[in-house]
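Tertiary structure, described
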Amino acid sequence: MAQLNSFLEGLPETHAASLQWFEDRKGQRVSWAEMKELAEQEGGMRLSTAAKGIYKPAYTDYALSVRTVQDGPYPDKDVEHRPDGSWVCQYYQENQDPALRDTQATNRGLMLCMENEVPVGFLIKRQSKPRAEYDVLGVGFVTSWNDGYFTIEGLSDDGEFKTDRSQSDAATSRTRLLSDPQNEELLGAYDDNREFQIRSVAMRRGQSAFRNGLLVAYGSQCCISGCDVPAALEAAHIAPYLGEHSNKVNNGLLLRSDLHTLFDLGLLAVNANYRIHLAPELLYSGQYSSYKNKVIALPSDKSNWPDPSALANHQKWAGFE
């Protein structure tokens, strides 16, 4: 992990100060008028441009910032947030044809940012004219490019960028796959078993013998909600299904169908001490927030308790520290 300051060293003063502006205002909403006024001041900083979603200043070969626009000309994906305050987004290049990426200076600027680990500011448009407003996500790093999409990942709440973060964590999987579940070509490009689970969330109900074993072990009750309607209960694998050997009771949780979906998507996790973690988007839900830090119900036979190491691996994949 590395702090932002280490990535700003060696950049021109204006460039570094502009990136610091984005990080200092992470989570705030700012107006276009405010940013324009800042640019017009003597020695001021231009942070974005109305002409393009990607801003590459004349003073540098690097891109400085990107911004999304609802109903814009490019198919940017939704931002996915992680529990540690970081985020990931699939941001589409300038020019609809991926083969023409390098004809645009803006795209070349983002590629250069990726090659040299130079961060970019990230803005999300929330209100249009006459008073255009943007949410500031802070700064992010371009970690990959694929078929027109730049993957951009943000800093955590403690100001660190996890350079060793797995490219197959839950947030990355969701932003790549769930935003376009019909894209079979893209889905086929990723063979990680966790991503396969995400693709099949709507279909999978668990093998019958595995499910029956969990029903017996948990007394036909969801280990989180206590739901006792068997038709609503599903067998959730903790470690991904890799064959019949995966169908052991201690590699499973008996969950109500909606909780199973959240578990497979990495929005809900259970730690090695059997306490529940919730993703930020669930913490303010009237239906799910009460489960935070709750200890799940465990089978009476301790040999059937969920494997702590499997739970820890799932928790790490889901992004809960």
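Residues numbered from 1 in each chain as written. Predicted model: local features only at pLDDT ≥ 70, side-chain atom pairs only at ≥ 80, totals over all residues. Heavy atoms only, no water.

Quick look at unusual backbone geometry
Positive phi outside glycine occurs at Glu 117, with the angle close to 55 degrees. By secondary structure assignment, the location of Glu 117 is in the loop between helix H4 (105-116) and strand E7 (120-127). Positive phi, close to 65 degrees, is recorded for Asn 293, a residue that is not glycine. Checked against the element boundaries, Asn 293 lands in the loop between helix H10 (280-283) and helix H11 (308-318). (Helix = DSSP H or I, 4+ residues; strand = E, 2+ residues; numbered from the N terminus.)

Points about the environment of Leu 110
As for its placement among the helices and strands, Leu 110 is situated in helix H4. A residue is classified by how much of its surface remains accessible, and Leu 110, at 0% relative accessible area, is buried. A C-alpha to C-alpha distance of 9.4 Å links Leu 110 and Phe 141, two positions 31 residues apart in sequence. Beyond its immediate chain neighbours, meaning those up to four positions away, Leu 110 contacts Ile 54, Ala 63, Val 66, Val 120, Val 142 and Phe 150. (Buried < 20%, exposed > 50% of the residue type's maximum accessible area, 1.4 Å probe, protein only. Contact = heavy atoms within 4.5 Å.)

A word on the side chain of Asp 135
Within the secondary structure layout, Asp 135 lies in strand E8 (residues 133-146). Among the polar contacts made by the side chain of Asp 135, one reaches the side chain of Arg 29 at a distance of 2.7 Å. When sequence neighbours within four positions are dropped, the list of residues in contact with Asp 135 reads Gln 28, Arg 29, Phe 122, Leu 123, Ile 124 and Arg 126. (Polar contact = N/O pair within 3.5 Å; in protein donor to acceptor, adjacent residues only side chain to side chain.)

A few points about the confidence of the model for the protein chain
In this model, the protein chain carries a mean pLDDT of 85, and residues with pLDDT of at least 70 account for 84%. Residue range residues 184-191 is modelled with pLDDT below 50. Its contacts to residues more than four positions away, or to other chains, number nine contacts. A low-confidence stretch, residues 201-206 stays under pLDDT 50, and its non-local contacts, those more than four residues away or across chains, total 13 contacts. (pLDDT = per-residue confidence, 0-100.)

A closer look at the pairing of E8
Along any regular strand the residues' side chains alternate between the sheet's two faces. Counting buried residues along E8, eleven of its 14 residues qualify, which places the element largely inside the surrounding structure. Looking at chain direction, strand E2 (residues 29-31) and E8 are connected through three bridges and run antiparallel. The residue of E8 that forms the bridge with Val 30 is Tyr 134. Counting the residues in the hairpin turn of E7 and E8 gives five residues. Bridge count between E8 and strand E9 (residues 149-154): six bridges; the pairing is antiparallel. Note that in E9 the partner of Val 142 across the bridge is Ile 152. Joining the antiparallel neighbours E8 and E9 is a turn of two residues, in which Asp 147 adopts a positive phi near 50 degrees. (Pairing = 2+ DSSP bridges.)

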